[in-house]
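# A look at the structure
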Amino acid sequence: MRRLLVGLAAATVLVAATACGSSDSSGSSGKNASSGGTTTLKMGLIPIVDVAPLYLGRQKGFYSKRGLKLSMTMAQGGAAIVPGVVSGQFQFGFSNMTSLMIAQSNGVPVKAVANGVASTGVAGKDFGAMVVKKGSSLKSAKDLEGKKVAVNTLKNINETAVRASMRKAGADPDKVTFVELAFDQMPAALDKGRIDAAMVVEPALATIKSQGGTEIASSLVDIAKNLTVAMYFTSTQYAQQHPDLVKKFQEATAESLAYADAHPDEVRAIVTTYTKIPAAVLAKVTLPKWPAEPDRASIESLEKLGEQDGLFKKTPDLDKLLP
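Quick look at the structure, then.

What counts as what
Residues numbered from 1 in each chain as written. Predicted model: local features only at pLDDT ≥ 70, side-chain atom pairs only at ≥ 80, totals over all residues. Heavy atoms only, no water. Helix = DSSP H or I, 4+ residues; strand = E, 2+ residues; numbered from the N terminus. Areas by Shrake-Rupley, 256 points an atom, 1.4 Å probe, with all protein chains shown as cover. Salt bridge = Lys/Arg side-chain N within 4 Å of Asp/Glu carboxyl O. Expected span 1.5 Å × (residues − 1). Buried < 20%, exposed > 50% of the residue type's maximum accessible area, 1.4 Å probe, protein only.

In terms of regular secondary structure, the protein chain is built from 13 helices and ten strands. When the accessible surface of the protein chain is totalled, it reaches about 12100 Å², and 49% of it is carbon and sulfur.

Structure, rendered in structure tokens:
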């Protein structure tokens with residue numbers, strides 16, 4: 001199962017989401033921890049801006065007041081998180097919606113339980129964008145035919161986003177050569193001309209703009225306004241066996257998302273505690289949105305585009321996948 005959006009590395013990388021699905025076989029609820037009835041929930045995350053609300057929520061006591069203790073484990077992407085949730089190594093993980101739908105269509109029993117991150121919905125002011133180098137002759141997605149375009153994972157949400165922008169501009173997305181490249185490698189590849197354009201997320205977006213690069217399409221916005229990019233998920237088995245813990249996690253996460261959305265300065269501060277993103281770069285990034293609830297209409301749009309692009313073995317069942 002392909003992972004999605006994000007790898008993130010030292011100084012320039014990015015944000016969005018990742019993985020495929022899961023299923024917790026052991027049913028370990030994490031009651032292996034502390035005293036006083038506290039339950040430890042092991043989280044499979046990626047070191048990106050997207051997951052800042054969980055760190056803020058833990059710091060502010062939103063989880064502890066509900067008897068939960070979050071234990072964070074960082075992974076490079078969903079390829080590691082999904083089997084971790086499946087095996088019971090993690091109780092919850094973080095994944096982009098395309099990966100979750102791909103997982104479900106492949107028979108992996110995943111269940112999205114809490115919203116993760118969303119596009120700003122504003123063209124030209126989103127945390128993800130299609131960019132070209134300084135001085136490029138490419139001015140819009142229509143100019144991408146016959147060009148090399150980098151995405152962090154082939155056949156996943158960012159490729160869908162590029163295709164959506166090209167169709168909107170009247171271009172044929174099948175005439176593009178997609179190149180798989182980690183977000184942190186895209187600024188240099190673009191600058192040296194190894195690729196013609198890149199679908200990036202923050203902070204790679206801020207890095208490329210600081211080098212004089214320009215945005216030619218807000219591709220996540222082109223998929224759907226207010227696109228739900230990623231969600232927190234567990235296995236269907238864990239959700240069935242521990243509904244009380246899932247509910248507490250949902251409530252605490254909703255409170256954390258709302259707090260993060262209302263306190264951008266605290267978001268930027270806490271991101272420096274679990275990533276290697278330099279504060280100078282972080283100050284310039286466009287933060288995503290953290291609404292409490294997923295936007296089902298946007299997920300349905302993403303599903304239709306995924307079907308059009310041949311990503312699913314069968315149509316995902318959103319009634320079963322979503323909370």
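After that view, the rundown keeps rolling.
Close approach of charged atoms lets side chains of opposite charge pair. Counted according to the given criterion, the structure contains twelve salt bridges. Residue Arg-66 is joined to Glu-255 by a salt bridge in which the shortest nitrogen-to-oxygen separation is 3.0 Å. With Arg-66 in the loop between helix H1 (52-60) and strand E2 (68-74) and Glu-255 in helix H9 (residues 243-262), this pair connects stretches of sequence that are 189 residues apart. Between Arg-163 and Asp-174 there is a salt bridge; the shortest N-O distance is 2.9 Å.

Time to look at helix H4 (residues 157-168). Taking 1.5 Å as the rise per residue, H4 with twelve residues should run 16 Å; its terminal C-alpha atoms sit 16 Å apart, in good agreement. Among the residues making up H4, those that are buried are Ile-157, Asn-158, Glu-159, Thr-160, Ala-161, Val-162, Arg-163, Ala-164, Ser-165 and Met-166. Looking one or two residues past H4, Gly-170 carries a phi angle of roughly 85 degrees, positive in sign.

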